[in-house]
Amino acid sequence: MGSTTSPSAKIILVSGINGYIASHIGLILLQKGYTVRGTSRSGSAHAHLVSGAFKSHADSYQHAIVPDITTPGAFDDAVKGVHGVIHTASPVDFNLTSVDAFIGPAVDGTLSVLNSAKAHAGPQLQSVVVTSSVAAVVDKWRLPSDHAYSEVDWNTSGEAVARETFTGPVAYGASKAAAERALWEWVTTHKPSFSVSAVNPGVVTGPPVSFPATPEKLNETLAPIWRIYSGDKTLPPPIGGASYIDVRDVAVMHIWCIEHPEQANGQRYIMTNGKAPPQAAADLLREKFPDRDIIEGTPGQGYRKDDYWFVEGEPSLVANKAYKALGVNRFIRYDKSILDTVEAFESRWPEYAENMKKTQRVD
Ligand code: NAP
């Protein structure tokens, strides 16, 4: 599987390139000298990226429109000649209203890209990496409330729970588990010549490189940070168990899997760095921006303020395997991730957040 071809001669396909995580992956690949071929459902993503995040690398960027990732053969053209595939496209919209609206594109999109890769990419293809989630790992309904999760664990209950009583986040988790199970079953059946791996991030934060038109259109994990920063009077609910990870570390892990096919083959990697619910962002932002009116909630509740590590007696999901693979002890801390995020918001949308406290006039 190894190869000495230089990055500049290699094409990496990234599905859902306009997404929060994928645009980071794309930008790092371009900076490393790869040619990136991104896919999106609409054509507008191409212009948005080459005039924005990928502007300095437009010559190394190719774009393919894949209107429906669930169609068999949807990626047949897009995979031709690629050396690596990073499949990130999957529904991440908690406003979807049925379990199948999540599971359909998650599972069929994964199978579609795998089948296209096997049949049409060519013998130079070395690695396929799929963005899964800790939601495919954590099963709070079945496992003890202080379970120490690792890559051997699976969310096997979420789909039944979501079909019984629908909520977007539970259906989302079920879709990630179903898609990753489909991935490994496909590998067992098809025994591909290329390496296959999964990356399982917790709740991702960190500065975006590609911005939507307005903050209200931020993705599901940055939108709560914007709402807190801009003075929303309601604290957003935690997403899942609130394990956190910075988007820059998530991007690096995907690329590590692409570049280490022998080590990454057949592996899944939890990507977390501790626990930080929205209360942690509210506490941090109130402290750093005392002039802003930022929700108080219940300060300090539900997390460890000193180190944002997992709380004793609660579930933990330590990324030991990913730390080891990348040769680090820890990833980017939550406070840095959040402060870098709001700095990016402020530079993109200066003064859009209007929650400055009124100064008291003293005569
Ligand atoms: P995002 O910015 O909302 O990106 C989602 C991407 O998926 C977009 O590129 C979107 O494509 C594509 N997509 C959504 N529904 C689709 C459908 N029905 N058919 C085809 N493409 C579809 O979210 P993100 O946070 O970067 O998520 C990217 C991946 O990371 C997902 O697989 C997600 O499950 C996974 N993940 C995210 C987190 C997190 O905390 N953010 C944590 C763990 C795992 P268009 O541009 O065409 O709309």
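Details of the structure are given in the entry above.
The sections below set out a description of the structure shown in this document. (Residues numbered from 1 in each chain as written. Predicted model: local features only at pLDDT ≥ 70, side-chain atom pairs only at ≥ 80, totals over all residues. Heavy atoms only, no water.)

**Looking at the overall build of the chain**
Piece 1. Scanning the chain for helices and strands turns up 11 helices and 11 strands.
Piece 2. Taking the principal axes of its C-alpha atoms as reference, the chain extends roughly 75 × 50 × 40 Å.
Piece 3. The 363 residues of the chain split such that 53% are buried.
Piece 4. Restricting to contacts in the chain with at least 6 residues of sequence separation, those with at least 24 account for 77%.
Piece 5. In the form shown here, the chain has an accessible surface area of approximately 16000 Å², with 52% of it arising from carbon and sulfur atoms.
Piece 6. Charge-centre separation for the chain: the mean point of 33 positive side chains lies 3 Å from the mean point of 38 negative side chains. (Helix = DSSP H or I, 4+ residues; strand = E, 2+ residues; numbered from the N terminus. Buried < 20%, exposed > 50% of the residue type's maximum accessible area, 1.4 Å probe, protein only. Contact = heavy atoms within 4.5 Å. Areas by Shrake-Rupley, 256 points an atom, 1.4 Å probe, with all protein chains shown as cover. Lys, Arg positive; Asp, Glu negative; His and termini not counted. Charge placed at Lys NZ, Arg CZ, Asp CG, Glu CD.)

**As for the packing of aromatic side chains**
Piece 1. Enumeration over the complete set of coordinates arrives at 17 aromatic pairs.
Piece 2. Both rings, one in Tyr229 and one in Phe289, keep their centres 5.5 Å apart while their planes meet at 75°; by these two values the pair is edge-to-face. In this pair, Tyr229 is assigned in helix H6 (residues 223-229) and Phe289 in the loop between helix H9 (278-288) and strand E11 (316-317), connecting sequence segments 60 residues apart.
Piece 3. A relative accessible area of 2% places Tyr229 in the buried class.
Piece 4. Three or more aromatic residues link up through ring pairs in this structure, and these residues are Phe211, Trp226, Tyr229, Phe289, Phe345, Trp349 and Tyr352. (Phe/Tyr/Trp six-rings, centres within 6.5 Å; stacked < 30°, edge-to-face > 60°.)

**Details of the nonpolar core**
It is characteristic of soluble globular proteins that their nonpolar side chains tend to be buried jointly.
Piece 1. Val14, Leu29 and Tyr334 are the most contacted members of the largest nonpolar core, which totals 70 residues.
Piece 2. For this core, the leading source of residues is helix H7 (residues 247-259), giving eight residues.
Piece 3. Non-local contacts of Tyr334, meaning those with residues more than four positions away in its chain, are made with Thr205, Ile225, Tyr244, Ala276, Pro277, Ala280, Ala281 and Tyr308.
Piece 4. Counting residues in hydrophobic clusters, the runner-up holds 26 residues, among them Val66, Ile69, Ala78 and Ala198. (Core = buried A, V, L, I, M, F, W, Y, C linked by side-chain atoms within 4.5 Å.)

**Re the environment of Asp335**
Piece 1. Position of Asp335 relative to the elements: it lies in helix H11 (residues 334-348).
Piece 2. Beyond its immediate sequence surroundings of up to four residues, Asp335 is in contact with Leu284 and Tyr308.
Piece 3. Side-chain polar atoms of Asp335 contact the side chain of Arg333, separated by 2.9 Å. (Polar contact = N/O pair within 3.5 Å; in protein donor to acceptor, adjacent residues only side chain to side chain.)

**Thoughts on the site of the ligand**
Piece 1. Taken together, 24 residues are adjacent to the ligand, and Arg41, Thr88, Tyr172, Lys176 and Val204 come closest.
Piece 2. Measuring from an oxygen atom of the ligand, one finds a backbone N or O atom of Gly16 at 2.8 Å.
Piece 3. In the model, a nitrogen atom of the ligand is placed 3.2 Å from a nitrogen or oxygen of the Thr221 side chain.
Piece 4. Starting from 870 Å² of accessible surface for the ligand in isolation, the protein chains cover 85%.
Piece 5. Classifying every residue of the shell around the ligand by side-chain character gives 11 nonpolar, 11 polar and two charged. (Near = heavy atom within 4 Å. Nonpolar A, V, L, I, M, F, W, Y, C, P; charged D, E, K, R; others polar.)

**Observations concerning the sheet that holds strand E7 (residues 195-201)**
Piece 1. The strand order E3-E2-E1-E4-E5-E7-E10 describes an open sheet built from seven strands, whose pairing is parallel. Each edge of the sheet is formed by a strand with only one pairing partner; in this case those strands are strand E3 (61-65) and strand E10 (268-271). When the angles between neighbouring strand axes are averaged without regard to direction, this sheet yields 20°.
Piece 2. Across four bridges, strand E4 (residues 84-87) lies against strand E5 (residues 127-131) in parallel orientation. In the sheet register, Gly84 faces E5, and the bridge partner there is Ser127.
Piece 3. Helix H1 (residues 20-32) rests against strand E1 (11-15), strand E2 (35-40), E3 and E4 of the sheet, and its axis sits at about 170° to E1. (Pairing = 2+ DSSP bridges. Axes fitted to C-alpha atoms, helices over the stretch in contact; angles between N-to-C directions.)

**Examining the pattern of salt bridges**
Piece 1. Following the criterion strictly, the structure yields 16 salt bridges and no others.
Piece 2. Between Arg333 and Asp335 there is a salt bridge, with its nearest N and O atoms 2.9 Å apart.
Piece 3. Residue classification places Arg333 among the partly exposed residues on the basis of a relative accessible area of 35%.
Piece 4. Linked by salt bridges that have partners in common, Asp246, Arg248, Lys336 and Asp340 make up one network. (Salt bridge = Lys/Arg side-chain N within 4 Å of Asp/Glu carboxyl O.)

**Remarks on the side chain of Asp139**
Piece 1. Here Asp139 shows up in the loop between E5 and strand E6 (148-149).
Piece 2. Non-local contacts of Asp139, meaning those with residues more than four positions away in its chain, are made with Tyr149, Trp154, Asn155, Thr156 and Ser157.

**Quick look at helix H5 (residues 168-190)**
Piece 1. Taking 1.5 Å of rise per residue, the 23 residues of H5 would be expected to cover 33 Å, and the 32 Å separating its terminal C-alpha atoms lies within 8% of that figure.
Piece 2. Counted residue by residue, H5 has 17 buried out of 23 residues, so it is predominantly covered. (Expected span 1.5 Å × (residues − 1).)

**Structural notes on the side chain of Ser90**
Piece 1. Structurally, Ser90 is set in the loop between E4 and helix H3 (99-121).
Piece 2. Residue class for Ser90 comes out buried when judged on its relative accessible area of 19%.
Piece 3. If sequence neighbours within four positions are ignored, Ser90 has contacts with Ala106 and Lys176.

**Points about the environment of Pro315**
Piece 1. Inspection of the secondary structure assignment puts Pro315 in the loop between H9 and E11.
Piece 2. C-alpha of Pro315 to C-alpha of Gly52: the two residues are 263 residues apart in sequence and 40 Å apart in space.
Piece 3. Filtering out sequence-adjacent residues up to four positions away, Pro315 remains in contact with Ser145, Asp146, His147, Tyr149 and Phe310.

**Considering H11**
Piece 1. Here H11 spans 21 Å end to end across 15 residues, near enough to the 21 Å set by a 1.5 Å rise per residue.
Piece 2. Within the span of H11, buried status applies to Tyr334, Asp335, Ser337, Ile338, Asp340, Thr341, Val342, Ala344 and Phe345.
Piece 3. Looking at the buried residues of H11, the elements they touch are strand E8 (203-205), H6, strand E9 (244-246), H7 and H9.

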